[in-house]
Amino acid sequence: MPTKERALCMIPGPVEMSAAVLAANSTPATAHTDPVFVEAFGQVIEGLRTVVGTKDGQPFVIAGSGTLGWDQAAANLIEEGEHVLVLSNGYFGEGLADCMETYGAQVTRLRAAPGHRQALAEVAQALRAKAYKAITVSQVDTSTGVLADVEGVCEVVRDHSPATLVVVDGVCATAAERLCFDAWGVDVVITASQKALGSPPGISVVVASQRALQTVEARKTRVPAYYANWTRWLPIMQAYEARAPKYFATPCVQAIFALNASLRDILDDGMEAVFAAHERTAAKVRAAVDSWGLKTVAAEPALCSNAMTAVWLPESIQAADLLPKLKARGVVAAGGILAGHAHRYFRLGHMGVSATRDNGFVDATLAAAAAALEECGHPVAQSGRSSPPPRL
Ligand SMILES: Cc1ncc(COP(=O)(O)O)c(C=O)c1O
């Protein structure tokens, strides 16, 4: 847990972690064949299915970061020259488009204005215009905090282009935002350990549908990647789930112990309770932003993510003015990263234990932000200022 010497980490990932997760992350050297690790790995694979709402989706739990999930989706699903429709709501949508092109995709970008998302009618029109192998959607684009309508996009795909694979970037969403992988018809969800999954950075988590796996089997050309090739990892995931060790490349043992500790808490709470806690916390953050007289980057409440909030600053204040004043009050927040707007806003993460546990982290963050804004010369209503200190 945080100490007096360490500021709270309230960026949109990595996020604060529970004591159980920290303890699991600092266990002694353990062989990847050790029965204790084999059991933990098996539990992680099973637990992830519940988090994303699938019965037969195949989790891939591989050492790396969220970006490795982009490489996995592109390398395994896309063959040279195939078309991919990218719904881009900011920095991470653009990155995913770039990754798809790296593996030979012909990418069409459907861009939304900052703070907005694509209208479903626009997505339907694009899908009717061309045969796309895959469509990608960032459930939360971390550069703006805009929440995509993944369920709506899946419906449009089903109605207008059912052969198109639906690839969801859930790096800043999974375990904070509801995802019904089977019921909605998602083919791939990409996430990572360090956000709402509540554990340290270091694990790329991907869940692929059986249809996505069949797509790999039906490829005419080799998967143009070695480490990211699902065909190499599938027997490993199947073996660990059957509680037997198997080697392709060394798993990140401690990171998997830590992810398992976090998943135990998430699954004990239950997904509905976890989503509700994120919803309540996000509503509290938005109310505070409102009380400061500021606006979220997401243009309306229905577009605001429950995992993080991006806040436009007054004209007179830049992110670089505000962030050190927040840090001086014991809170690390993030600046903007949206091209052309980066200095005009800041971002707060409110995922994982900051949302699900009564630790006062979010209250302390909001109080620090209000005080920092005042120090920058922006008056803040009294209600936005007072808050109990966090329970450290
Ligand atoms: C939406 C989204 N996608 C992808 C990534 C890339 O993940 P990573 O930094 O773990 O490689 C991030 C990182 O913040 C993200 O927020």
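Note: the structure precedes this text.
Bear in mind that the values here come from a model prediction, so they are computed numbers and not experimental data. (Residues numbered from 1 in each chain as written. Predicted model: local features only at pLDDT ≥ 70, side-chain atom pairs only at ≥ 80, totals over all residues. Heavy atoms only, no water.)

Please set out the side chain of Gln 194 residue by residue, giving values where relevant.
Inspection of the secondary structure assignment puts Gln 194 in the loop between strand E9 (188–192) and strand E10 (203–208). For Gln 194, a relative accessible area of 12% puts it in the buried group. Ignoring any residue separated from it by four or fewer positions in sequence, one finds Gln 194 in contact with Gly 13, Pro 14, Val 15, Ser 199, Pro 200 and Pro 201. (Helix = DSSP H or I, 4+ residues; strand = E, 2+ residues; numbered from the N terminus. Buried < 20%, exposed > 50% of the residue type's maximum accessible area, 1.4 Å probe, protein only. Contact = heavy atoms within 4.5 Å.)

Requested: an account of the packing of aromatic side chains, with residues and values cited.
The full count for this structure, using the stated rule, is 10 aromatic pairs. Judged by centre distance (5.7 Å) and plane angle (90°), the rings of Phe 37 and Phe 257 are edge-to-face. Linking Phe 37 in helix H2 (residues 35–52) with Phe 257 in helix H10 (residues 253–269), this pair joins segments that are 220 residues apart in sequence. Judged by its relative accessible area of 0%, Phe 37 is buried. Three or more aromatic residues link up through ring pairs in this structure, and these residues are Phe 37, Phe 41, Tyr 240 and Phe 257. The side chain of Arg 344 reaches across the aromatic face of Trp 312, ending 4.4 Å from its centre. (Phe/Tyr/Trp six-rings, centres within 6.5 Å; stacked < 30°, edge-to-face > 60°. Lys NZ or Arg CZ within 6 Å of the ring centre and 35° of its normal.)

Residues and numbers for the sheet that holds E10, please.
Remark on secondary structure: sheet strands pair via backbone hydrogen bonds, oriented parallel or antiparallel. Pairing in this open sheet of 7 strands is mixed, and the strands run E2-E10-E9-E8-E5-E3-E4 from one edge to the other. With partners counted over all chains shown, the strands left at the sheet margins are strand E2 (58–63) and strand E4 (106–111), one partner each. Adjacent strand axes in the sheet meet at a mean angle of 20°, parallel and antiparallel pairs treated alike. Bridge count between strand E3 (residues 83–88) and strand E5 (residues 134–138): 4 bridges; the pairing is parallel. Note that in E5 the partner of Val 84 across the bridge is Ala 134. Together, E3, E4, E5 and strand E8 (165–169) form the strand contacts of helix H4 (residues 91–102), whose direction differs from that of E4 by roughly 170°. (Pairing = 2+ DSSP bridges. Axes fitted to C-alpha atoms, helices over the stretch in contact; angles between N-to-C directions.)

Give a detailed account of the packing of H10 against helix H11 (residues 271–291), specifying residues and quantitative values.
At a minimum axis separation of 5 Å, H10 and H11 run at an interaxial angle of 95°. The angle between the axes of H10 and H11 places the two elements in the roughly perpendicular class. Residues Ile 266, Leu 267 and Asp 269 of H10 pack against Met 271, Ala 273 and Val 274 of H11. For the contact of H10 with H11, the class distribution of residues is 5 nonpolar, no polar and 1 charged. (Parallel < 35°, antiparallel > 145°, perpendicular 65-115°, else oblique. Nonpolar A, V, L, I, M, F, W, Y, C, P; charged D, E, K, R; others polar.)

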